[in-house]
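Given next are the chains, with one letter for each unit.
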Amino acid sequence: MEDAEAVNDATGRTEDTSSEEVTQGPLPYVHDPDLVPVFVQLVDSACEDAHDFHAVSIRLRQLATGLNPQISSAAVRELLMTFSYSLQSTPIGSSKPDTSLVPLKGPSYFPRPLNDADDQTRALWVDLTSAVTHPVARARCADILFALKLARNRRDAAEQAVRAYLDTVGGSFQVYEQGEGLLRALTLARSVGLSELEQQVVSAMMDMTENALRTDDTSYVAVPLLDSLAAPSRRKKAQPADPKVDDLLDVALQAYTESHVVKEVADIVRRRAAGDEARIQRASEAQIHALLKEADNAREALIKVYYLNEAASTARQFGVWHLEEVAVSRLQSAPPVEWKTLETEFKVPSEIFRNYLIPYGRARSWQEALRFWLQSECPSGSVSSNEELARKQQGVSVVEQLATTVKFGPEGFPKRVSSGEEDSLQRQRVHAESVKIQLSGVLLSSALDVMRTRFGVPSQEDLEACISETGTHSALAEALAKAFQLYWVGEFAASVHLAVPKIEASARSLLLELNEPMYRAAVGDSDGQFPGLGVFLDKLEENDFDPDWGRFLRVFLLKDGHNVRNLIAHGFMHEVDRETAALALRACALLVLLVSDESTERDIEAVKASLATPNGKTS
């Protein structure tokens, strides 16, 4: 961090402050109406040619850096925040499709929940709304005013936002972003009774859907648009169902080839065509044929069996008996693969859950979603925050500090006895880390499940190619790809049994690149051997390995915490849930992606640099 940082003065311009003041936390934004023209020009310029809201935020920061005189860091922060909110639609098939601007309320670290904005920031949004000219900026600012009820006439704010969202169509924003804007516009128009504008939005949605279905590379945007168009109207005097929607649904059933997308379209048809058995039958047949085609295209027996089983199950569910016989016959003659699906229930705060999964719901390909997953933050959180929390928890109870704790192993015998203040602090630390790891397991597994639901199970070859882009060793890339596949077909135990040993193998490879003396030479009758994972982690941390990730690997894999490595190695983990499997994949991927291909030579400093930022992030 620099010794000085920009700070608001009375005009909203900048002045220097000492490092002592900087440590007090981010400075509050103080609104200055005289600076609104500068902000407006900055925002409108940032929106030009941007392909999504994230790109707007990036350009805002870049443009703000070039201003002379510069505006305050607090003002830049609030402008970035303005374009960091997301549009989130209800899941496909919801009884009342809706699209919201999120997060409206907490918990959310960034962006800050809209409801938590203070009066100074709200004044900024009000002034921006009346002055910005770019459709993207107009849509975002007016939408915020509507969501927070800041406009004198909320209906006017909704109308302003709807017209702006309509104006974004055909602009530089990606078609999926434009489609989300139309879905939000429809929600706004219906919420305040803008009937004429609602029809304009519906017409624009129809046109966008038709154009999307006509392209060679069919855009997914048509599916959420069709879902909303096909939903029954909530108005008392509803317009009759537009037959063009049924025509577009028929086209969509033939246009898409991915089974997960065809399923979503078929679900929409079944919901809309209640009572029309012929249409429902055609939709179900299209869904089953898509699954059978996925099985035909599968190159591995594991994936082939998965899709054939899905086809047979779907055919039985919807009473398509002739296709059930086809699927079952092919399943019986498929290469034998034994597998089972394990299901688990979990509860997490809905806002945290939804916000975490937004990038996976918006990813344009499984590769994009997987790369985002592979850059996810450390599941156990930061060492410093966990130590602080442990000390606070330890101070709550004197009894806990004095009590003797006995830990039992999986075989039912006492494994460890601990007592005293130091052991108490360690228990509290591991507990804090374990709670975060458990929550991360839910989030990581849910993200993997979203990938499978949206894109299906990638082939071994494609997964290896994606993983190998990092330059890792081909054998490790092959193992990690297979571990992902096993997870996605419900073979969680097999996935963990494959992934966990590769963690130790990867750590050993990294230390050999560093030429760390590890090998224990033979003495007398004792065989020479490498030490265990605990020693490897010690050596890695001596070579600048990120301490947060080091703690995660210890708590998840070793005896101080979940002890997954030993439980797997000695056959004590009889059942594996999806959360444990996802965490094992995350731990495995972390180190696998740091190992270099055998044809690549790296100096020690390059290896240390990769260890210092193991998830590819520098901040």
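In the block above lies the structure referred to throughout.
A few points on the structure. Everything numeric here is computed off the predicted structure, so don't read it as measured data. (Residues numbered from 1 in each chain as written. Predicted model: local features only at pLDDT ≥ 70, side-chain atom pairs only at ≥ 80, totals over all residues. Heavy atoms only, no water.)

### Considerations on the overall build of the protein
Here comes step 1: Scanning the protein from N- to C-terminus turns up 28 helices and six strands.
Here comes step 2: Looking at the protein residue by residue over its 619 residues, the buried ones come to 49%.
Here comes step 3: Taking contacts inside the protein between residues at least 6 apart in sequence as the whole, the part at least 24 apart equals 67%.
Here comes step 4: Of the roughly 29,900 Å² that the protein leaves accessible, carbon and sulfur atoms contribute 50%. (Helix = DSSP H or I, 4+ residues; strand = E, 2+ residues; numbered from the N terminus. Buried < 20%, exposed > 50% of the residue type's maximum accessible area, 1.4 Å probe, protein only. Contact = heavy atoms within 4.5 Å. Areas by Shrake-Rupley, 256 points an atom, 1.4 Å probe, with all protein chains shown as cover.)

### Here's the deal with the environment of Ser-57
Here comes step 1: Secondary-structure assignment places Ser-57 in helix α3 (residues 53-65).
Here comes step 2: You can call Ser-57 buried: its relative accessible area is 10%.
Here comes step 3: As for Ser-57 and Leu-79, which are separated by 22 residues in sequence, their C-alpha atoms are 8.0 Å apart.
Here comes step 4: Once residues lying within four places of it in the same chain are set aside, the contact partners of Ser-57 are Leu-80, Phe-83 and Ser-84.

### A word on the packing of helix α17 (residues 366-374) against helix α21 (residues 460-468)
For any two helices packed against each other, the geometry is given by the interaxial angle and the distance between the axes.
Here comes step 1: Across the interface, α17 lies against α21 with an axial gap of 11 Å and an inter-helix angle of 50 degrees. It follows from the interaxial angle that α17 and α21 lie oblique. Seen from above, α17 lies across α21 with right-handed handedness. On the side of α17, the interface is formed by Trp-366, Gln-367, Leu-370 and Arg-371, while α21 contributes Asp-462, Leu-463 and Cys-466. (Axes fitted to C-alpha atoms, helices over the stretch in contact; angles between N-to-C directions. Parallel < 35°, antiparallel > 145°, perpendicular 65-115°, else oblique. Left-handed = near helix turned anticlockwise from the far one by under 90°.)

### Focus on the packing of aromatic side chains
Here comes step 1: Counted according to the given criterion, the structure contains twelve aromatic pairs.
Here comes step 2: When the centroid spacing of 5.4 Å and the interplanar angle of 90 degrees are considered together, the rings of Tyr-360 and Phe-372 count as edge-to-face. Taken as a pair, Tyr-360 in helix α16 (residues 350-362) and Phe-372 in helix α17 lie far apart in primary sequence, twelve residues in all.
Here comes step 3: Residue Tyr-360 is classed as buried on the basis of its relative accessible area of 1%.
Here comes step 4: Members of the aromatic cluster, joined through ring pairs, are Phe-53, Phe-83 and Phe-173.
Here comes step 5: In this structure, Arg-154 is placed above the aromatic ring of Phe-146, and the distance from its NZ or CZ to the ring centre is 3.8 Å. (Phe/Tyr/Trp six-rings, centres within 6.5 Å; stacked < 30°, edge-to-face > 60°. Lys NZ or Arg CZ within 6 Å of the ring centre and 35° of its normal.)

### Observations concerning the pattern of salt bridges
Oppositely charged side chains can form a pair if their charged atoms are brought close together.
Here comes step 1: Within this structure, the stated rule accounts for 29 salt bridges.
Here comes step 2: Ionic pairing is found between Asp-538 and Arg-554, a salt bridge with its closest N-O pair at 2.4 Å. Here Asp-538 is found in helix α24 (residues 533-542), whereas its partner Arg-554 is found in helix α25 (residues 547-557), with 16 residues between them in sequence.
Here comes step 3: A residue is classified by how much of its surface remains accessible, and Asp-538, at 37% relative accessible area, is partly exposed.
Here comes step 4: The class for Arg-554 is buried, based on a relative accessible area of 13%.
Here comes step 5: Through salt bridges that share partners, Asp-246, Asp-250, Arg-272 and Arg-279 make up one connected network. (Salt bridge = Lys/Arg side-chain N within 4 Å of Asp/Glu carboxyl O.)

### Observations regarding unusual backbone geometry
Here comes step 1: Cis rather than trans, the peptide bond between Asn-68 and Pro-69 has omega equal to 5 degrees.
Here comes step 2: Mapped onto the secondary structure, Pro-69 falls in the loop between α3 and α4 (73-82).
Here comes step 3: Geometrically, the link from Phe-110 to Pro-111 is a cis peptide bond, its omega value of -5 degrees lying close to zero.
Here comes step 4: Summarising the element assignment, Pro-111 is placed in the loop between β4 (99-102) and α5 (119-129).
Here comes step 5: Phi at Asp-49 is positive, roughly 65 degrees, even though this residue is not glycine.

### So, empty space enclosed by the protein
Here comes step 1: Taken as a whole and judged by the stated rule, the model has one cavity of 30 Å³ or more.
Here comes step 2: Reported here for the largest cavity is a volume of approximately 50 Å³.
Here comes step 3: Phe-53, Leu-87, Val-136, Ala-139, Tyr-165, Thr-168, Phe-173, Glu-177, Gln-178 and Gly-181 together form the lining of the largest cavity.
Here comes step 4: At the level of secondary structure, the elements contributing two or more residues to the lining of the largest cavity comprise α6 (135-148), α7 (154-168) and α8 (175-192).
Here comes step 5: Looking at the lining of the largest cavity, the element that brings in the most residues is α8, giving three residues. (1 Å grid on protein atoms, 1.4 Å probe; cavity = no way out; pocket = protein on both sides within 12 Å on 5 of 7 lines; lining within 4 Å. Points joined across faces, edges and corners; volume = space filled by probe spheres on them.)

### Quick look at the nonpolar core
Here comes step 1: Trp-373 and Phe-484 are the most contacted members of the largest nonpolar core, which has 90 residues in total.
Here comes step 2: For this core, the element with the most residues is helix α27 (residues 578-592), which contributes eleven residues.
Here comes step 3: The residues contacting Phe-484, other than those within four sequence positions of it, are Leu-370, Trp-373, Leu-374, Leu-448, Leu-463, Ile-467 and Leu-585.
Here comes step 4: Judged by nonpolar contacts, the second largest core, of 62 residues, contains Leu-114, Met-206, Leu-229 and Ala-290. (Core = buried A, V, L, I, M, F, W, Y, C linked by side-chain atoms within 4.5 Å.)

### Things to note about α6
Here comes step 1: Between the first and last C-alpha of α6 there are 20 Å, a value that for 14 residues agrees with the 20 Å anticipated at 1.5 Å per step.
Here comes step 2: Among the 14 residues of α6, 14 are classified as buried, and the element is accordingly described as predominantly covered.
Here comes step 3: Trailing α6 by a residue or two, Lys-149 shows a phi angle of about 55 degrees, which is positive. (Expected span 1.5 Å × (residues − 1).)

### Observations concerning the packing of α5 against α6
Here comes step 1: For the pair α5 and α6, interaxial distance at closest approach is 9 Å and the crossing angle is 130 degrees. Here α6 runs oblique to α5, going by the angle between their axes. At the point where α5 passes α6, the crossing takes the left-handed sense. Between α5 and α6, the contacting residues are Arg-122, Trp-125, Val-126, Leu-128 and Thr-129 on the first element and Cys-141, Ala-142, Ile-144, Leu-145 and Leu-148 on the second.
Here comes step 2: When grouped by side-chain class, the residues that make up the contact of α5 with α6 number eight nonpolar, one polar and one charged. (Nonpolar A, V, L, I, M, F, W, Y, C, P; charged D, E, K, R; others polar.)

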